[in-house]
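# Close look at the chain arrangement
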Amino acid sequence: QYSPDSVAGADGELDPTEVTFPGCPCRSSSCTAPECPCLHHGHSYSGLCLRLAEQQQQHFSKPVFECNSLCCCGESCQNRLVQRGLQLRLQVFRTRSKGWGVRALEPIPKGRFVCEYAGEVLGFAEAQRRIQAQNPQEPNYIIAVREHLHDGQVMETFVDPTRVGNVGRFLNHSCEPNLFMVPVRVDSMVPKLALFAAADISAGEELSYDYSGRFHNSPGASREHKPLEEENSQRKPCYCGSRTCASFLPWDSSLFSTP
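Conventions we followed
- Residues numbered from 1 in each chain as written.
- Predicted model: local features only at pLDDT ≥ 70, side-chain atom pairs only at ≥ 80, totals over all residues.
- Heavy atoms only, no water.
- UniProt positions renumbered as here; feature names shortened; annotations may be inferred.
- Helix = DSSP H or I, 4+ residues; strand = E, 2+ residues; numbered from the N terminus.
- Buried < 20%, exposed > 50% of the residue type's maximum accessible area, 1.4 Å probe, protein only.
- Contact = heavy atoms within 4.5 Å.
- Pairing = 2+ DSSP bridges.
- Core = buried A, V, L, I, M, F, W, Y, C linked by side-chain atoms within 4.5 Å.
- 1 Å grid on protein atoms, 1.4 Å probe; cavity = no way out; pocket = protein on both sides within 12 Å on 5 of 7 lines; lining within 4 Å.
- Points joined across faces, edges and corners; volume = space filled by probe spheres on them.
- Nonpolar A, V, L, I, M, F, W, Y, C, P; charged D, E, K, R; others polar.
- Polar contact = N/O pair within 3.5 Å; in protein donor to acceptor, adjacent residues only side chain to side chain.
- Salt bridge = Lys/Arg side-chain N within 4 Å of Asp/Glu carboxyl O.
- Phe/Tyr/Trp six-rings, centres within 6.5 Å; stacked < 30°, edge-to-face > 60°.
- Lys NZ or Arg CZ within 6 Å of the ring centre and 35° of its normal.

An unreviewed UniProt entry annotates the protein as SETMR methyltransferase of Acrocephalus arundinaceus. In its Subcellular location (unreviewed entry) section, UniProt records this for the protein: "Chromosome".

### Quick word on the overall build of the protein
Across its full length, the protein holds 2 helices and 14 strands. In the protein, buried positions account for 45% of the 259 residues. Contacts in the protein between residues at least 24 apart in sequence constitute 67% of all its contacts with a sequence separation of at least 6.

### Section: the pairing of strand 9 (residues 143–148)
In this sheet, strand 10 (residues 154–160) lies alongside strand 9 in antiparallel orientation, the contact comprising 6 bridges. Each bridged residue has a counterpart across the sheet, and for E147 the counterpart in strand 10 is M155. Here strand 9 hands over to strand 10 after 5 residues, with G152 in that stretch at a positive phi of 95°.

### Focus on the environment of D187
Relative to the assigned elements, D187 resides in the loop between strand 12 (179–185) and strand 13 (192–197). In this structure the C-alpha to C-alpha distance between D187 and T17, which are 170 residues apart in sequence, comes to 7.3 Å. For D187, the contacting residues outside a window of four places in its chain are E18, V19, T20, F21, N68 and S69.

### Some points on the nonpolar core
Core analysis: the biggest nonpolar cluster contains 24 residues, and L90, I108, V114, Y117 and L207 have the highest contact counts within it. Elements that contribute at least two residues to this core include exactly strand 6 (100–104), strand 7 (113–116), strand 9, strand 12, strand 13 and strand 14 (206–209). Of all the elements, strand 13 adds the most residues to this core, at 3 residues. For V114, the residues in contact, after removing those within four places along its chain, are L86, L88, L90, I108, L179, L195, F196, A197 and L207.

### A word on the layout of surface pockets
Considered as a void within the structure, the second largest pocket measures approximately 210 Å³ in volume. Forming the boundary of the second largest pocket are D5, S6, P16, T17, Q83, E116, V186, D187, S188, V190, P191 and K192. Here the residues of the lining of the second largest pocket sort into 4 nonpolar, 4 polar and 4 charged.

### Quick word on the sheet that holds strand 14
Taken in spatial order, the 4 strands of this open sheet run 5-6-14-11, and their pairing is mixed. Unpaired on one side and paired on the other, strand 5 (90–94) and strand 11 (172–173) mark the two borders of the sheet.

### Overview of the side chain of R80
Residue position: R80 is located in the loop between strand 4 (64–65) and strand 5. Of the polar contacts made by the side chain of R80, one reaches the backbone oxygen of N68; its length is 3.1 Å. Polar contacts involving the side chain of R80 include one to the side chain of Q83, which spans 3.2 Å.

### Concerning the pattern of salt bridges
Where side chains of opposite charge bring their charged atoms close, a pairing between them can arise. In the structure shown here, the tally under the stated rule is 10 salt bridges. Beyond isolated ion pairs, a larger network of salt bridges with shared partners links E120, E126, R129, R130 and D160.

### Quick notes on the packing of aromatic side chains
Applying the stated criterion across every chain yields a total of 6 aromatic pairs. With a centroid separation of 5.7 Å and an interplanar angle of 55°, the aromatic rings of F124 and F158 are classed as tilted. Here F158 lies in strand 10 and F124 lies in helix 1 (residues 124–133), a separation of 34 residues in the sequence. Residue classification places F124 among the partly exposed residues on the basis of a relative accessible area of 32%. Through pairs of rings, three or more aromatic residues link up here, namely F113, F180 and F196. Over the aromatic face of W100 sits the side chain of R94, whose NZ or CZ is 4.9 Å from the ring centroid. Taking NZ or CZ as reference, R103 lies 4.1 Å from the ring centre of F93, over its face.

### Quick look at the sheet that holds strand 4
Taken in spatial order, the 4 strands make up an open sheet running 4-12-13-7, and their pairing is mixed. Strand pairing shows two members of the sheet lacking a second neighbour, strand 4 and strand 7, which therefore form its edges. Across 3 bridges, strand 7 lies against strand 13 in antiparallel orientation. Considered in strand 13, the bridge of E116 is made with A194.

What follows is the structure, given as structure tokens:
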């Protein structure tokens, strides 16, 4: 079932459509920092692109909070980008060795929002149950995103587009990707998993991101570990073809471990 936005999972633990953030009081047509509380603590957009410079200069990246449905600013506010959804021409196509993939049908500049990775938002228990119910031949679409806070806490988000999802489910992994993922919050603490261009992308180029979270993140931010030799039988080979290919798709032991 195609859905442009994430939906509550069957476990009912999280509802991404619930509005829990207060709106900003800005009366201007487009909010600016530092006056707007939505922009006060986070990254901001420059036109249709995410500003990347600060993120690369500090140990932790800033969060991204967009204006929401309770904000006083208008729909034309420049701090409303990911919530508008897919604006680019993309194509799902059959690749030579990786199954389905997604390519751009128009040039995409660096920093531009491309699409969301949308699906059912699950709690950890349901995500683990679904992973362990899969057989090794089935494709796994469940993604685990972990945000490391300054006080040592870790916020986890699990999204499964297997049954309900959007074009993001067809994006392939690459060890040298041209997209990177940023959790973007609009109405609540449940983030949208937004994919932005990591470099200028040409028309016809396949789109990919690093499933492990290594790309554009601090070393050690991923829970991926070097698996035991016997675990390699459960891992899927990587066919990205990059010079730094790790040979296997990323591995998350917390979801694949037996109870």
